Structures are given as C-alpha cells and as structure tokens.
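What follows is the residue order along each chain.
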Amino acid sequence: MRCGIPYLLTFRISDHIGYGLSLIRVQRYKFFSFHYSLFTIFCTFASDFKEVMAKDVALVLSSGGARGLAHIGAIEELEKNGYRISSIAGSSMGALIGGVYAAGKLQEFRDWMKTVDRKKMLELTDFSLSLNHLVKGKRIIEAIMEFVPDVLIEDLPIPYCAVATDLKAGREVIIRKGSLFEAIRASISLPSFYEPVQRGGMILIDGGVINPIPLNRVKRHSGDILVGIDVSGHDYKAQWELQHELQERRKHDKSLKAQILDKLIPDNLDFNYYTMLSRTSSLMIRQNSILMAKLTNPDILADIQMTRYGSFDYHKSEKIIAIGRLKTALAISKYEHLIV
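What you see is a predicted model; the values in this text were computed from it and never measured.

Definitions and limits used
Residues numbered from 1 in each chain as written. Predicted model: local features only at pLDDT ≥ 70, side-chain atom pairs only at ≥ 80, totals over all residues. Heavy atoms only, no water. Axes fitted to C-alpha atoms, helices over the stretch in contact; angles between N-to-C directions. Helix = DSSP H or I, 4+ residues; strand = E, 2+ residues; numbered from the N terminus. Parallel < 35°, antiparallel > 145°, perpendicular 65-115°, else oblique. Left-handed = near helix turned anticlockwise from the far one by under 90°. Contact = heavy atoms within 4.5 Å. Nonpolar A, V, L, I, M, F, W, Y, C, P; charged D, E, K, R; others polar. Phe/Tyr/Trp six-rings, centres within 6.5 Å; stacked < 30°, edge-to-face > 60°. Buried < 20%, exposed > 50% of the residue type's maximum accessible area, 1.4 Å probe, protein only. Lys NZ or Arg CZ within 6 Å of the ring centre and 35° of its normal.

Asks: When you look at the packing of helix 2 (residues 70-80) against helix 11 (residues 317-339) in this model, what are you seeing that I'm missing?
Replies: Axis angle and axis distance: for two packed helices, these are the angle between their axes and the distance between the axes, and together they describe the pair. Packing of helix 2 against helix 11 leaves a shortest axis separation of 6 Å and a crossing angle of 45 degrees. With respect to each other, helix 2 and helix 11 are oriented oblique. You can see that helix 2 and helix 11 cross each other, and the crossing is right-handed. Judged by residue contacts, Ala70, Ile72, Gly73, Ala74, Glu76, Glu77, Leu78 and Lys80 of helix 2 engage Ile320, Ile321, Gly324, Arg325, Thr328, Ala329 and Ile332 from helix 11. For the contact of helix 2 with helix 11, a count of residues per class yields eight nonpolar, three polar and four charged.

Next up, the structure:
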C-alpha cells in the first residue's frame, strides 16, 4: 500500500493539473461559444441587410422597339425574386413599359398585347402624308389610354422619368413632370416613323437616339441597387447566319414552289438601303448603351440581344416576354452569387 507525503503530493499535483485543464476547457468553450454567437449575429444581420437593403431597385429600361416587351418579363422576374422597384426610368419602349408599370397597369397592358396581331397593328397605324414622318402615333396612345388613364408623373406612386431627344438643340431631355402619356409619346417618337412631339419650343424625338439606357437618370434612394435591362442590341451576326442558312435551304429545295421563289426573290434581298441604314443606326445606339453601362456600373445588367425578333414584332409579345424573364433570371442569379 502506497502512502506518505510523496503519494499525497502526487495526488495533490495531479488534482490541481486536472482542475487547471478543466478551467482551460471551460475558457476555450466560452471563447468559441462567444465568437460563434458573434458569427451567428453577423450572419443574421447580413441576411437581414440583404433582404432589407439590397432588395430596393432603381430600374432602368432601354429602347428597342418590340424587343422592349422583354421588359415586362424582366419586371415580373425581379418581383418574383422579392425585389421592390422603388424608382424607374426608361427610354423609348422602356419609357412606355416603365410608365405603364408605375401607373400600376402592367398586367392589363400585357393582356392587351396578347390581342395584338398583324391586323390589329395595321388598324392602330394612323398613316400620315407628312414629309417628316410616316405615322401620326395618336391611335396607339389612345388605345393604351383606354385601360391606362393619363396621370401626372409627379402623382405616380414611385419616381419615374422618360428620356427624349430635342432635335432642334441636339440634346437629351429628361421628363419628370407633367402628363405621363405626353412623356411616353415624346420618348417613343422613332425618327421618320412617328410624328415628333412639339413641346415648349422643342421638337422631341426618340430618347434612344442620345441615351438608349438612361442609367444616369433614374432617381436613386439610399441602399437601393441599380438594375438595367438592355434590349437595344440585336444579335446581327446570328441573324445573318440564320438568313444565310435559309437561303442555302431554298437553293437545295427542288419543289416547284421553291423554284418559283428562287426566280422571283434575288439573293441578299435583306441587304438593301433600308437594312443598311437601320443596322448602322442600331450599331451606334448599341455602342452608346455599352458605354453607359461602363460609366455607371449597374449592380445587375440583363443584356438581352435577340436574333429572331425585330423592332416591329409586337404580335409576338409572349415569346419576347419569356426571353426577358429568362435573361433577367440569369442576371439576378449571377448578382446574388456574387454578394453571398
């Protein structure tokens, strides 16, 4: 049997060492528990910050003719993902869609667009004998006003502005007050197609001429994010390749109908004076939109270039809207992966 002072000293020393180790374990537990709590609080705060601060959107919609119907899909996708549009600005078709949204009538507009076919488009086209425009543009505005009443821009529930171009002064005009539909009508005045709008000594034409995606004009709020939807571009290379493919198919088609068409329709029919001018104009507008995006660096930019749909394909609204939803969903996903 072991006994005596040496044994007692050994017992005492081991006892104190065990006690000390226990204290160290307790302190380590408290240390890690404290920091884990801090980490949890930080994660909760970050999540709340993302939900509260990063969900308010200053939305900018570009010009693009019928391709601008993709803006409807973009807005729907933003709202589906919990984003709140706190302000909106648009140019040309973007001004129209943005204005209708700000007035709370986007669904009604979409439903109406479903009824638009080639025949209705012709009915809504009030041709003019003027030397500076082909279409007056009153009939289309009056048709939309049947379900979207005109209001003062300053009375809209969210800040809104439309961008137009003063042909006389050669400058950009930002419209933030007055009649909503006067602003829209000025912003959509495609040169030579729609009649220019006379306002305050100015001759107003399409806003896309100078600022196709006015990322620098939308009203900003503290904590919001800047979102741009750009449909001003057109995938001309893919379109060119598609046309070439169709021509090749026509050449190899031995049916009587194809042979008659081959005799009547010359090669490169789509390469003419009109397409040259149209494509040149589109390329310049496209470069302006790219430059604006570089200058403003939006948080989310949905760059939607299309191959099959042109500026006058209004009768294909649902297909264009679907493209807008898809491209915006991809842009949102990219943004959210970056900030997580």
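Asks: What exactly am I supposed to notice about the packing of aromatic side chains here?
Replies: To describe a pair of aromatic rings, one takes the distance between the centres and the angle between the planes. In total, this model carries four aromatic pairs according to the counting rule given. Taking 5.6 Å as the distance between ring centres and 45 degrees as the angle between the ring planes, the aromatic pair formed by tryptophan 112 and phenylalanine 147 counts as tilted. Separated by 35 residues along the polypeptide, tryptophan 112 in helix 4 (residues 106-113) and phenylalanine 147 in the loop between helix 6 (138-145) and strand 4 (160-166) bring together distant segments of the chain. Under the relative-accessibility criterion, tryptophan 112 is labelled buried at 14%. On the basis of relative accessible area, phenylalanine 147 is assigned to the buried category, the value being 17%. Look at phenylalanine 193 and phenylalanine 312: their rings are 5.3 Å apart centre to centre, the planes differ by 55 degrees, and that puts the pair in the tilted class. One end of the pair, phenylalanine 193, is in strand 6 (residues 192-194); the other, phenylalanine 312, is in the loop between strand 10 (300-303) and helix 11, and 119 residues separate them in sequence. In textbook terms, an aromatic cluster arises when at least three aromatic residues are bridged by ring pairs, as seen for Phe109, Trp112 and Phe147. Taking the ring centre of tyrosine 83 as reference, the NZ or CZ of lysine 55 above it sits at 4.1 Å.

These results come straight from atomic positions and should not be treated as a statement about function.
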